[in-house]
Structures are given as C-alpha cells and as structure tokens.
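Working through the structure, step by step
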Amino acid sequence: MKKSVYSMCGMCTVRCPIRVESENNKVTWIEGNQHLIGGALCAKGSAGPALMEDSERPHKPLIRVGARGAGQWREADWEEALDYVADKMSAIKDKYGPESMVLSSRGGPWQGLYKAFIHAFGSPNYTNHDCTCGRNTHHASLSINGVGRKGFAYDIKNAKHLVLFGRDMFSALRLAENHQTLDMLENGGRLTYVDVRQTMTGAKATRFFQVRPGTDYALALGVIHQVIKKEYIDKDFLEKYVTGFDQLCEFIKDYTPAWAAKECDVKEKDILAFVEEIGEDRPKVIFHPGWNLARYKDSFYASRAMHILNVLMGNIELKGGLFIPKGAGDAGKKGIRQIDCPKPDIKRGDGVGWEFNHFDKGPGLAHLFFNRMIAEDPYPIKGWIAMRHDPFVGMPDPEKQKQAMDKCDLLVSIDVNYSQFGWYSDVILPESTYLERDTPICQQKGLKPRLTLRRKAIEPIYGTLSSCEIFTQLAGRLGLQETFPFTTMDELWNWQLEPTGYTMADFDEKGFISLSDDPIFHDRDNLDGQFKTPSGKIELMSEKLDNAGLPSLKPFETPEKPEKGMFRLIYGKTAVHTQGHTMNNPLLSELMPTNSLTINTKKAKKLGINEGDLVEIASADRSYCATVAAHISDHIHPEAVFTVHGFGRDIPRQTRSFLAGVADQKLMVGKLDDWDKAGGGVNLCEVFVYVKKSIRNRTRRVEL
Ligand SMILES: Nc1nc2c(c(=O)[nH]1)N[C@H]1C(S)=C(S)[C@@H](COP(=O)(O)OP(=O)(O)OC[C@H]3O[C@@H](n4cnc5c(=O)[nH]c(N)nc54)[C@H](O)[C@@H]3O)O[C@H]1N2
Ligand SMILES: Nc1nc2c(c(=O)[nH]1)N[C@H]1C(S)=C(S)[C@@H](COP(=O)(O)OP(=O)(O)OC[C@H]3O[C@@H](n4cnc5c(=O)[nH]c(N)nc54)[C@H](O)[C@@H]3O)O[C@H]1N2
Ligand code: SF4
Ligand SMILES: [Mo]
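Since the structure is predicted, the reported quantities are computational estimates derived from the model, not experimental observations. Sequence order as written defines residue numbering, which begins from 1 separately in each chain. As a convention, the first chain written is A and the first ligand written is 1, with the rest following in written order. Local features are withheld for residues below a pLDDT of 70 in this predicted model, meaning they are given only at 70 or higher, and side-chain atom pairs are given and counted only at 80 or more; totals for whole chains, interfaces and linings count all residues. Computation of side-chain values covers all heavy atoms of the structure but excludes hydrogens and water.

Re the site of ligand 1
When at least one non-hydrogen atom of a residue lies within 4 Å of a molecule or strand, that residue is treated as near it. Taken together, 33 residues lie near ligand 1, and Arg167, Asp195, Tyr296, His577 and Gln579 sit nearest. Under this definition, polar contacts are N or O atom pairs within 3.5 Å; protein pairs additionally need one hydrogen-donor-capable and one acceptor-capable atom, and for neighbouring residues in sequence, both atoms have to be side-chain atoms. Contact between ligand 1 and Gln579: an oxygen atom at 2.7 Å from a main-chain N or O atom of the residue. For ligand 1, the protein covers 99% of the area, taking 930 Å² as the surface of the free molecule. Secondary structure elements follow DSSP: runs of H or I of four or more residues count as helices, runs of E of two or more count as strands, with numbering from the N terminus. Secondary-structure elements contributing two or more residues to the shell around ligand 1 are strand 10 (190-195) and strand 22 (566-572). Either an automatic procedure or a domain database provided the assignment from which the domain bounds are taken. Shared between two domains, the shell around ligand 1 takes at least three residues from each, and those domains are domain 1 (153-323) and domain 2 (566-693). All accessible-area figures derive from a Shrake-Rupley calculation using a 1.4 Å probe, and residue coverage is judged against the displayed protein chains alone.

Thoughts on the site of ligand 3
As a matter of local geometry, ligand 3 sits amid Cys9, Met11, Cys12, Arg15, Cys16, Leu41, Cys42, Lys44, Gly45 and Leu175. Tallied by class, the residues present in the shell around ligand 3 amount to seven nonpolar, one polar and two charged. By the convention adopted, Pro, Cys, Tyr, Trp, Phe, Met, Ile, Leu, Val and Ala count as nonpolar, Lys, Arg, Asp and Glu as charged, and the other residues, Gly among them, as polar.

A word on the pairing of strand 13 (residues 285-288)
The two faces of the sheet receive side chains in turn, since in a regular strand these alternate between them. Judged by which residues are buried, strand 13 turns out to be covered on both faces: Val285 and Phe287 on one side and Ile286 and His288 on the other are all buried. The pairing of strand 9 (residues 161-165) with strand 13 spans four bridges and is parallel. Opposite His161, over in strand 13, you have Val285 as the bridge partner. Burial here depends on accessible area, computed with a 1.4 Å probe over protein chains only, as a share of the maximum for the residue type. Under 20% is buried, over 50% is exposed, and the range in between is partly exposed. Any two strands with at least two DSSP bridges between them are considered paired.

Examining the packing of aromatic side chains
Side-chain rings of Phe, Tyr and Trp (the six-membered ring for Trp) are treated as a pair once their centres are within 6.5 Å; stacked means planes under 30 degrees apart, edge-to-face means over 60, and tilted covers the remaining angles. The tally for this structure, following the rule as stated, stands at 23 aromatic pairs. Between Phe209 and Phe274, the ring centres sit 5.9 Å apart and the planes meet at 85°, which makes this aromatic pair edge-to-face. Pair noted here: Phe209 is in strand 11 (residues 207-210) and Phe274 is in helix 13 (residues 268-281), with a separation of 65 residues, a long-range link. Across this residue pair, the class does not change: Phe209 and Phe274 are buried. When the centroid spacing of 6.4 Å and the interplanar angle of 75° are considered together, the rings of Phe274 and Phe287 count as edge-to-face. Residue Phe274 is located in helix 13, and its partner Phe287 is located in strand 13; the two are separated by 13 residues in the primary sequence. On the basis of relative accessibility, which here comes to 3%, the residue Phe274 falls in the buried class. Assessed through its relative accessible area of 0%, Phe287 is described here as buried.

Description of the sheet that holds strand 23 (residues 597-600)
With mixed pairing, six strands are arranged side by side around a closed barrel as 22-26-23-25-24-27. Averaged over all pairs of adjacent strands, the angle between their axes in this sheet comes to 45°, without regard to strand direction. Across three bridges, the pairing between strand 22 and strand 27 (residues 688-693) is antiparallel. Looking at strand 27, one finds that Met566 is bridged to Tyr690. Angles here are taken between N-to-C directions and fall from 0 to 180 degrees, while the axes themselves are lines fitted to C-alpha atoms, restricted in helices to the stretch in contact.

Points about the side chain of Asn125
Mapped onto the secondary structure, Asn125 falls in the loop between helix 5 (111-121) and strand 7 (126-128). Within the structure, Asn125 has its side chain in polar contact with the side chain of Tyr379 (distance 3.0 Å). Contacts: residue pairs with any heavy atoms within 4.5 Å of one another. Ignoring sequence-local partners within four residues, the contact set of Asn125 consists of Glu99, Met101, Val102, Leu103, Ile118, Arg348, Gly349, Phe369, Tyr379 and Ile381.

What about the domain arrangement of the chain?
Along its sequence, the chain is organised into domain 1 (153-323) and domain 2 (566-693). Of note, the centres of domain 1 and domain 2, computed from C-alpha atoms alone, are 28 Å apart. The interface of domain 1 with domain 2 comprises 20 residues on the first partner and 20 residues on the second. Of the roughly 1,800 Å² buried between domain 1 and domain 2 on both sides combined, carbon and sulfur atoms contribute 54%. Salt bridges are defined as contacts in which a side-chain nitrogen from Lys or Arg sits within 4 Å of a carboxyl oxygen from Asp or Glu. On the surface where domain 1 and domain 2 come into contact, there are one salt bridge. Taking the shortest distance from any N to any O, the salt bridge between Arg212 and Glu639 comes out at 2.8 Å. Two parts placed together each lose some accessible area under a 1.4 Å probe, and adding up what both lose gives the buried area.

Written out as structure tokens, the structure is:
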C-alpha cells in the first residue's frame, strides 16, 4: 500500500520539515516539505532510509554480559530489558535516594517528556549536551537581553549584511538559514565571514577575515570602537531600550581597529572598510552571536560583543534584523498542553542553582557532574541514562568520564545507534528511527508560529520502540503513571490539542498547523516588557554578572601561543555528517569515510609533511595518539590544525567507521575541568596537540 506522510527529518537537530512516501512498509521517497523549504534536503537527510535499514544498528534491547566496554551483550525482549532498568532504578532510589539518577538528553522540543520522567522519579538531575554546544551564547544572550539563545531569530533573507564569526553555516547546516542566506546574497546582500581557516561559508562570503585563533572578541571590540566613533548607531533605540551605553563608550576607548588588527593578524584598513559597509547597510545588519561559539576562554564575551553590535545597529524587531519569536499567545491563539512535572526541590548534583547561581538552572551543566560523582559530592550519583546523547563523543576526555561512570550501578543508553557511551553502558534500549516513530506535538515559535510533529512513515522494521513508548512503559513500572496519563499516541495528541480547538486532521494538508497567516512583528515603538532583564531594558552592564563577581565588559587577553612543536586544535562540522553519529551510515560513510588533519602550508613544509602524508597527532599528555592523512592548505592560520569532529570511533560492530580517523574529543585530555565561569561552556578550543610526520609513511617496499 502506498502512503505519504509529513514529518520532520531526524538526521540532525535542525529537524527540517519533510514528506516521506512509502509502499508496503518500505520508504520509497523522501523530500523537504514543499510548503516550507522547497523539496531540497541535505545529503544527511537523504541518507535517513539508509540509517533505518542499517544492519549495524541495535535491533533489539541489549544487556551487557562482559565487563563494561568489552562488547559482550545478550539480546533481551522489551519486557525483560525494561524490568531490568526499572528494578535497578528502584534499588538505587531505595538505597541512595531518587537524586542519585541523572538523565542527559540532546535537548530539543521533546525534552519536556524526558525531564518530566526524571522529575517524576524524584530527581532534579536532568541535563543536556549544551555545555559543549550553545551554552555560552545562550548565557550571553540572557545576560544582555534577558532571553536565551533562542529568544531571537534572524530575518536573514531581508537583511543587507550578515556577519558570521565561525558560524560555518554551509558546513554546519541549517537548511532554512542556508536558503535565506543564498536569497540574501542573490538580492545583493553582503556576507562577512570570520574564521581561522577558509571554509564553505568563507568561500561564499563577500568579505573574509582569517583571524588568529581565539581573537574574535578583539575583532568585535575593534569594530564596536569604530562603529561608535563613526556614530553608526541607532541613538533613538539606545535611548529608549538600552542601559549601560556610557560605560561601553568608556570601556571601548583604547580598543581601536589598529589594536584589533594586530591582535587578530588582519589589516586595519580591512576593519575600517568593513565598518563603512555596515555603516551603509544598517540597520539591516545581522551579527550572528554564534551557535557553537562555545570554545575559547572568552567566547561568552565575544558572543556578548556580537549582541552589543546588534543593539548598536538598532536592528531588533524589524524586517532584515533580529526578531523575537512569536508563540501561540502572540497570534491570539491558545497553546497546546505539554507533558510536565515540576522539578523536585533537591540540590542539583552539578552545583548549578546553589554553588553557581548565575546560570540557567534548566539543564544545568553536564560536565560539572563528573568531579562531583568521583567525590560523591553533594551525594552519590549511581545511575545515568543517556537519551539521544553520547557524552563520550560530545564531551571531552572520555577516559575521565569513565572514572565517574564507574561509580554508577546503572548506565543506560537510549539510542538508534551503538553510541560510544552505549557500548560502555549496561543496557542499550534501541529507539526506532525518526522514520518509524510518532512524537508528541510541539510548538514552533517564529514570525509565523506553528504546531508540528513527527509522524511515522512506516512501522518499525526491527524490534525497536519510540522514546515516548520507552519512557511511558518505564514510568508504568515505576509507578509514575500520573505524569504520563495516556496509553496511545492518539490519546496524547488529542489531549495536547484540546485547548487549541484544532484537531489532528488540521495537520493533513501541509504537515503543520500555522497559527498565523502573516508574520507577526511587535510594535517597535513599544518593546517594553519584551526584555526579561531586571530593568526590563537591554542591559549592557549585567547585575547578575556583577553579583557573581564577573565583569560585564571584560578586558581582552591575548590568547596563548602553542609551544614549539605544538598546534592549537580546531574542529568543526562537515556538510555530510552529523556530530559523531553518522560516521557508520552506509551511504554517508561512503561519501566521507574518515577525517584528515589540515595544516598550514609553511608549517607543513617545516615538518616535512606533504599533501596526503600520514601524520601522528597526540594529546598534550600523549595519552592518546592517532594517525591520519594530512591536508595542506594556505588558508588556515599557522598556529592551528583542523579536523572534522566525530571520527575515531572504536565500536567493532560498526565496521564502516571502526578506527577510522582521529577523535578530537580524546585529544582534549583534562578539558572537562577547563570551562568558562561566566558562560558555562567547556573551552573546547583551548587545546594544544603534537603533530609530526608519521613513520608509517612508506618510502620503499620490503617484504620478506
Ligand atoms: N552538517 C552538519 N550540520 C550541523 C551539525 C552537524 O553535526 N553537521 N551540527 C549542528 C549543531 S548541533 C551545531 S551546534 C551547529 C554548529 O554550527 P557552527 O558553530 O557554525 O559550527 P562548527 O563547525 O562547530 O564551527 C566551527 C568553526 O569555527 C571555526 N573556528 C575555530 N576557531 C575560531 C576562532 O577563533 N574564530 C573564528 N571566527 N572561528 C573559529 C572553525 O574553523 C570552524 O569553521 O551546526 C549544526 N549543523
Ligand atoms: N570535540 C568536539 N566536541 C563536540 C563538538 C565538536 O565539534 N567537537 N560538537 C558539540 C556540539 S555542537 C554538540 S550539539 C554536541 C553533540 O553531542 P551529542 O548530543 O551527544 O551528539 P549527537 O551525535 O547529535 O547525538 C548523540 C547520540 O544520539 C543518537 N541519536 C541520533 N538520532 C537519534 C534518535 O532519533 N533517537 C535516539 N534515541 N538517539 C539518536 C546518536 O546515535 C548519538 O549516539 O557535541 C558537542 N561536542
Ligand atoms: S539539515 Fe539535513 S540532516 Fe539536518 S534536519 Fe535538515 S535535512 Fe535533516
Ligand atoms: Mo550543537
């Protein structure tokens, strides 16, 4: 039987809207939802069916039989596996208290479900991946605007100038944003790109700054100086909505473009020319505050500086600028119901909310658990469920993490693949892929808010369950039915939609329910109340930071230089893989089977390394070393070497990716403890590595 459903891609967290055709429970066609993004999908999105059919993903629940990490498993049916997990959780609760369980997930629109589960169990310890993703940019936005990273969206299509600092969007994709940027360029808009190396995005840019690693903040300060000097600012906006401008003017005096040029290894005249361009293009100039800009010691302040530039442009809540995403209420509609359970009133196990008060308490900071787990402070952590999260790949120094995880009686991985954490865990609960599962309805804010959901294109082809089914069934075993009062998805969907007046049939036509026909902008003359800061205004000087003993305007510190023989390790995404979880995909592993190491031409010459030579890359303590091919480039700063994140996997059942390439997170030894006290993010780019030509390069062939 032929079928067509609207759904959401699940090959990365961008969740592009899709339409999927199937026949006799086999996916035959997949494309972008024509009503929203045209038909196009990225390579990863097109490789979804290959994930689904993959013989090398777990097909049934697995219970460990050998030592942790030894790779000895037995298959179990769902009854046994869920009983096993529920019994262990109950035993942990009885002996150590419910707070001894941690649940980490990948965030996203369904995190409420996972959060509700762990809260209902009695633990406050829900956490997510974000300390190694957008935490610094999130906190930067909160400190200035009173709203988090997602509290602003960008009308790139109608902008005249988009400025990206290390937001390599044509590799680190977000399709709608990519389309908008191409439209902007076609309409004559300008794109300025800043990176330590040339990238897909830099190649499309109208202006490219190749900066010294770790100097974004300096460049932004130099630009702020010149923008204020030339009065390329929106005085009315500043007067009406912004506090702290005078302090900024005082602070910025010495940070001239000439100074910035020296710090950043760029030309002063280029900075001046750039400022003239934004002078012409304002207010439709968007400074993207970064996504994974969470990497250097001062990235929080760099992100703040980009927000400050937006504020100076006065680009908020206007066409071609930043806008506040609108929800159901703004469209005069009632919102949906969401599964929820209040957080138990117990101290978090990572110190957020009692030792550290200036961070968003929501997901806390995952990296802060590990030392505390080892020290059993403030209490023992005895169980960790990783739901669509692979801490051993997404967070640095997996060996140190293992020391903490070894304190646990229960490690559970809920994943569509074997994750590196899953391979070390006690139980793997395989989730159905996104093409085989339904999800709760979610609300997407934006200029035109909408309701959307993921619907299964086909029935699961192996013995897997959706996370919704897994958590509901676990909840049933743990006596938590009250939080999950439904047994079928239809029941849940109807309950969610009840207050809105819509029905499930309203999703049929386009795959989503639009809550507004026209884009909703707030009245720009009356933005009071939109900024959730203590004063209700945009605050360039933050009281919260002040109370935490942190500056709002931090003097720039020149980044460390690598020692002789060492390089700063820089990493990033590639357009054909997602994080660390598509490396074994049957199609994507063909497109890019391994990573390499990009080295500056002059540096390579000194080390006797030619294009394609094998090089050895070792962590600063030499505890991890890998051999990969070198890629030589004139377009990378000489202090840095670059590799694509996600490779270097060592799961024998994943034969396509087994031992392919280098694992950047394993080179980051000790980095769980190197984090930004103001932004909360882990300083993933404050990492130095040894690089030399490998002795494994063949010079001649001798076989006896
Ligand atoms: N194809 C694909 N797309 C994705 C993802 C994916 O895994 N694959 N992941 C998604 C997710 S979760 C995220 S968070 C986003 C991340 O989106 P981005 O933040 O855009 O992506 P990254 O690749 O992490 O960015 C790393 C870039 O920063 C540069 N860089 C390093 N040091 C400096 C510096 O000092 N200054 C400047 N200006 N640049 C520097 C690196 O060279 C690299 O180009 O991508 C999303 N999109
Ligand atoms: N060294 C280094 N560290 C990084 C980064 C880097 O570039 N370099 N990038 C950082 C960034 S931006 C991020 S966002 C994090 C990402 O870190 P994570 O959130 O851990 O990364 P993912 O690989 O997206 O997802 C984790 C797991 O989810 C599984 N998964 C995928 N789809 C599904 C599904 O539908 N259901 C279930 N249950 N599981 C699924 C994958 O198989 C994978 O094992 O890593 C961060 N850490
Ligand atoms: S960017 Fe690609 S992989 Fe990510 S959701 Fe969109 S189509 Fe899927
Ligand atoms: Mo991310």
